[in-house]
Amino acid sequence: MKRFISVSHIVILSFLFMFSQAVWSEEQTWKVNLKDADIRAFVTQVSDITGYSFVIDPRVKGKVTVISNAPMGRDAVYEMFLSVLQVHGFSAIPSEGVIKIVQQNEAKQSATNLRMLSRVPAEQLVTRVIQVKNANALELVPILRPMVAKYGHLAGVAAANALIISDHISNIKRISGIIDELDSPSQYGLEVIQLEEAWVGDMVKLLEELAPAELGKAGAKASAKKFSVVADERSNRLIVKGDENFRNKIRKLIDKLDQPAATSGTTKVVRLKHADAKEMAELLKGIMGDISSESKEQGSKKNSGAAATVYADEGINALVIRAEPSVLQETEEIIRQLDVRRAQVLIEAAIVEIGDENTKGLGVQWALFDAGGTIPGAITNFGEVGLSAAGVLGAIAADDPAAVSGVAQGGLTLGVGQESGGTSWGALIQALDSNTDANLLSTPKIITMDNQESSIIVGQNIPIKTGESTTAGDGTSNPFTTITREDIGVKLVVTPSISEGDLVRLEITQEISSIADSVQVASDIVTQKREIKTNVLADDGETIVLGGLITEDYRVKVSKVPLLGDIPWLGALFRSTENKREKRNLLIFLRPTILRDKTKTKEITEEKFHALWELNLDIKEDRGRIRERSEGEIIPRPSVDSLFNGNRLNDTVDDNDEGEYEDENGEKD
């Protein structure tokens, strides 16, 4: 008779190959190792091992992988089985005689029968009712809900003051322990104790030392929610939380400790790190007076004595404070918040001025002399281009060759003339065309503290005459000259103020002054001045334009002989014309950079020093004192500290050339 083996038997035999059996003493164990096995076949094998009957929901599908090296008993295999189902989104619900395998989100709606299980696993999904004795069950629901699984359930019953939880047994046990901590007995209450002599801050520290089991660090985790003592510094009161025995114990300790102090008030020396002691003392005097007045109005005996006082020791930059403990503690907190490192701001200004000046001149001057004539002489005298004819004739009469040679300075000068029969005539023709371009770039930089005014001046301090006398009023000689000195150059005065978001408010005065060309009507030095006073807002590292000025000056000056100078074409021989055009464009840019710590300050310092060092190298290369660097070659840079080792900047360059550079003659440096 032939035997036929069904497909199901073949599957079971294949799993039996993977489930190796072993016998430890008298208990049978299994090792489970599956890879991409069908979940239904996995349920069939667990049923053979545990002896439980399963009903599988049609929607339960998928592949499972289990790796185990330790032998497991029947209960351990079932625990592992429940964990695998939970990972894949399914749950096993014990019912009457069978275990239903359904989706997790429907498990909480099914009834359970745990009696059919020999031991309830920790991963079993169950529903429990937890009675809340003292706390309000509905108030606990929003606190505990995040601890329940998404497919679980948590609800409160107001009438019974109970909680209904559907979740795994292990998680329900954890939540039950939390409920026990929150569900404090009714005898736990609050009590407010007013201190008459002692300071609440010191009293709390003493109580923590005297009752370490309830208040100290050793028992803080176990009793933090049951026992506590909180200081109300505003009213110098203690708030005690705990049962009646604990409150009685604390009250007796407070009665013994709340005694008058041997000395009134407390003196403390506070050394400042960043703030100025004198300025801080002025600020605190007003604040501490307000604090003392407020404390007196609260009716505290301890604060009804002398007012608080503060003194500044500028020698060590410290404050000496004498005040009641409550005032002293509040003052120390104010000092802690004010005594911080102040940020600095690097202000970089760029002054760009572009100028263009063009002058054109053409003049013809005549001179005539007749010794026997009715009119002995005539002359046209113009001074727009070069020297005038009168100046030339005067130099000739004085036999001064240097003055005559000055006529030819600039442009073209042509002189012609003739003497015949006692009559002399001459003509002086002068032409000039000049063009001047100017490009000025000045970049003053300054670092200043937040809300601190700073200034930088780069220029000259020149003397200007303000008064002079050669003869006194009574006729006696008593000469004197008075002068004053003025700064001429580039001047930057700035006060930065840093606000939230790295925004910098700048109060700026930018002045550019110079000595003007000599003016005939002036008896002393004439200066030119351009100044900007403004308040601006700029982000950290943002470049903004403060202002600008564009000037264009066009002047035409004509000197001529009446009537003769107006004759078309021929009139040019009897006039002198000068055309002068001057155009200037001035712009001022500014960029603030916030330096909040010493690292940022050091980076900026090294960056500017290295830029100067590179400029020095470029100058040496241009002059041939060192060889030109090849493309990509990097010469080691010296440290900023080398400036303070007695070395010049040139020395730092030479220290890094290692004798490889050549001078203009090709010799080694």
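Before reading on, note that the structure itself is shown above.
Note that the coordinates shown come from a computational prediction; the quantities given were computed from them, not determined experimentally.

Q: Even after reading the chapter, I still don't get the nonpolar core, so can you show me in this structure?
A: Nonpolar side chains in soluble globular proteins tend to be buried together. If you look at the biggest cluster of nonpolar residues, it comprises 44 residues, and the most contacted ones within it are Phe-42, Phe-54, Tyr-78, Met-80, Phe-81, Ile-101 and Leu-163. Looking at this core element by element, the count peaks at 7 residues for helix H3 (residues 74-87). Ignoring anything within four residues of it in the chain, the contact list for Phe-54 reads Val-43, Val-46, Ser-47, Tyr-78, Phe-81, Ile-99 and Ile-101. In this structure, Val-490, Val-504, Ile-508 and Ile-594 belong to the second largest nonpolar core, which totals 23 residues.

Q: What is the right way to look at the environment of Ser-442 in this model?
A: Looking at the secondary structure, you find Ser-442 in strand E20 (residues 423-442). Between the C-alpha atoms of Ser-442 and Ala-349, which are 93 residues apart in sequence, the distance is 8.0 Å. Once residues lying within four places of it in the same chain are set aside, the contact partners of Ser-442 are Ala-349, Ala-350, Ile-351 and Val-490.

Q: I tried to follow unusual backbone geometry on my own but got confused; where do I start?
A: The phi torsion of most residues other than glycine is negative, and most of the peptide bonds are trans. A positive phi angle, near 55 degrees, is found at Asn-317, a position not held by glycine. Looking at the element boundaries, Asn-317 is found in the loop between strand E15 (309-313) and strand E16 (318-323).

Q: Which parts of the structure should I look at to understand the sheet that holds E16?
A: Strand pairing in a sheet is mediated by backbone hydrogen bonds. Such pairs are either parallel or antiparallel. Across the sheet, 3 strands lie side by side as E14-E16-E15; this open sheet has antiparallel pairing. In this open sheet, the two edge strands, each paired with only one partner strand, are strand E14 (266-271) and E15. Taken pair by pair, the neighbouring strands of this sheet meet at an average axis angle of 15 degrees, ignoring direction. Here E15 runs beside E16; their pairing, made up of 5 bridges, is antiparallel. Note that in E16 the partner of Val-310 across the bridge is Ile-321. Docked against the sheet, helix H11 (residues 325-338) engages E14 and E16, running at close to 155 degrees with respect to E16.

Definitions and cut-offs
Residues numbered from 1 in each chain as written. Predicted model: local features only at pLDDT ≥ 70, side-chain atom pairs only at ≥ 80, totals over all residues. Heavy atoms only, no water. Core = buried A, V, L, I, M, F, W, Y, C linked by side-chain atoms within 4.5 Å. Buried < 20%, exposed > 50% of the residue type's maximum accessible area, 1.4 Å probe, protein only. Helix = DSSP H or I, 4+ residues; strand = E, 2+ residues; numbered from the N terminus. Contact = heavy atoms within 4.5 Å. Pairing = 2+ DSSP bridges. Axes fitted to C-alpha atoms, helices over the stretch in contact; angles between N-to-C directions.

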